[in-house]
Amino acid sequence: MQTIVVFSGAGLSAESGIPTFRDAGGLWENHRFEEVASPEGWRRDPELVLRFYGLRHEAIAQAEPNDAHRAIADLEQRYRVINWTQNIDNLLERAGCTDVRHMHGSVFRQKCEHHREAASGKGWCDYLGECPRPVQPGDLCPECGGQLRPDVVWFGESVQFEFSEVHAMCRELEQNDGVFICVGTSGMVQPAASLISLFAGVRRKYLINPDAVPVGDYELLAESASTGLRRLARVL
Ligand SMILES: [Zn+2]
């Protein structure tokens, strides 16, 4: 079975009505997105940050996977499909995708504020758990008693992927003539741009985004995620 790697961004979930803060000018209740999605914001006002992510958690829980998510899940009937997503929602999983790796974390996971990547300087804790309901103030880490937070990557924190892992995937696609699909992200911003360049040696590469500009020898489908993925699935 050949392998398809799908790298996705906000455009994949846009048709499910998941709000993107770029659309709102990067603001939420007059707070800049960076203020509620950074270690500094957390230190200043953790309750505000939890309220922000609580609303996102609820909005995602009420949203439904769209045709784009389902088109990717359907590919699993014919391919081994690996999803690398920048999205913190669980719509790919709910559409039926079995291998989803969240580069920017997920609001459906929680970790301790003293987690090694929280840059708290206060401690070192490896607790990580599922998060079926939004994290509340007073929800404490079972290992060290610290306040829990969503396991999402904030501004100034490291994305959750290893380049070595991505390199291994590239080799696999090159060797079995697999497919790389980049959908719902412009591909011009980091880390997407670096990731895309790593797949240069893969023969079959596609970029699906209504606003995308051509990148290298990628075949460009300048349309929405659902339209582009359905069309591509017919020719793969
Ligand atoms: Zn802890």
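What you see is a predicted model, and the numbers here were worked out from it, not measured in a lab.

Parameters and conventions
Residues numbered from 1 in each chain as written. Predicted model: local features only at pLDDT ≥ 70, side-chain atom pairs only at ≥ 80, totals over all residues. Heavy atoms only, no water. Salt bridge = Lys/Arg side-chain N within 4 Å of Asp/Glu carboxyl O. Helix = DSSP H or I, 4+ residues; strand = E, 2+ residues; numbered from the N terminus. Buried < 20%, exposed > 50% of the residue type's maximum accessible area, 1.4 Å probe, protein only. Disulfide = S-S within 2.5 Å. Donors = N, O, S within 2.8 Å, 3.2 Å for Na, K, Ca; no water. Tetrahedral: all angles 85-135°; square planar, octahedral: opposite > 155°, others 65-115°. Domains from an automatic or database assignment. Contact = heavy atoms within 4.5 Å. Buried area = accessible area lost by both parts, 1.4 Å probe.

Caption draft 1: Broad picture of the pattern of salt bridges. Scanning the model with the defined rule gives 20 salt bridges in all. Between Asp177 and Arg203 there is a salt bridge, with its nearest N and O atoms 2.8 Å apart. Pair noted here: Asp177 is in the loop between helix H7 (163-175) and strand S9 (179-183) and Arg203 is in the loop between helix H8 (192-198) and strand S10 (204-208), with a separation of 26 residues, a long-range link. The exposure class assigned to Arg203 is exposed, which follows from its relative accessible area of 58%. Counted as one network, the salt bridges with shared partners bring together Asp67, Arg70, Asp74 and Arg230.

Caption draft 2: Main features of the state of the cysteines. All told, the structure shown has zero disulfides when counted by the stated rule. No disulfide involves Cys131; its sulfur sits 13 Å from the nearest other cysteine sulfur, which is in Cys141.

Caption draft 3: Quick peek at the coordination of the zinc ion. Protein coordination of the zinc ion is provided by Cys112 (SG), Cys125 (SG), Cys141 (SG) and Cys144 (SG), with donor distances spanning 2.3 to 2.4 Å. One way to put it: the four donor atoms around the zinc ion meet at angles of 94 to 119°, and that makes the site tetrahedral. All donors to the zinc ion come from one chain, and their sequence spacing reads C-x12-C-x15-C-x2-C. With Cys112 in strand S6 (residues 105-112) and Cys144 in the loop between strand S7 (128-130) and strand S8 (148-152), this pair connects stretches of sequence that are 32 residues apart. Taking the relative accessible area as the measure of exposure, Cys144 reaches 42% and is therefore partly exposed.

Caption draft 4: Structural context of the domain arrangement of the chain. By the assigned domains, the chain splits into domain 1 (1-18 + 65-104 + 155-236) and domain 2 (19-62 + 106-152). Domain 1 and domain 2 are separated by 26 Å when their C-alpha centres are compared. In this assembly, 14 residues from domain 1 lie in contact with 22 residues from domain 2. Among the residues of domain 1 in contact with domain 2, Ile18, Ile88 and Phe155 are the three that bury the most area, contributing 46% of the side total. If you look at where domain 1 meets domain 2, you find one salt bridge.

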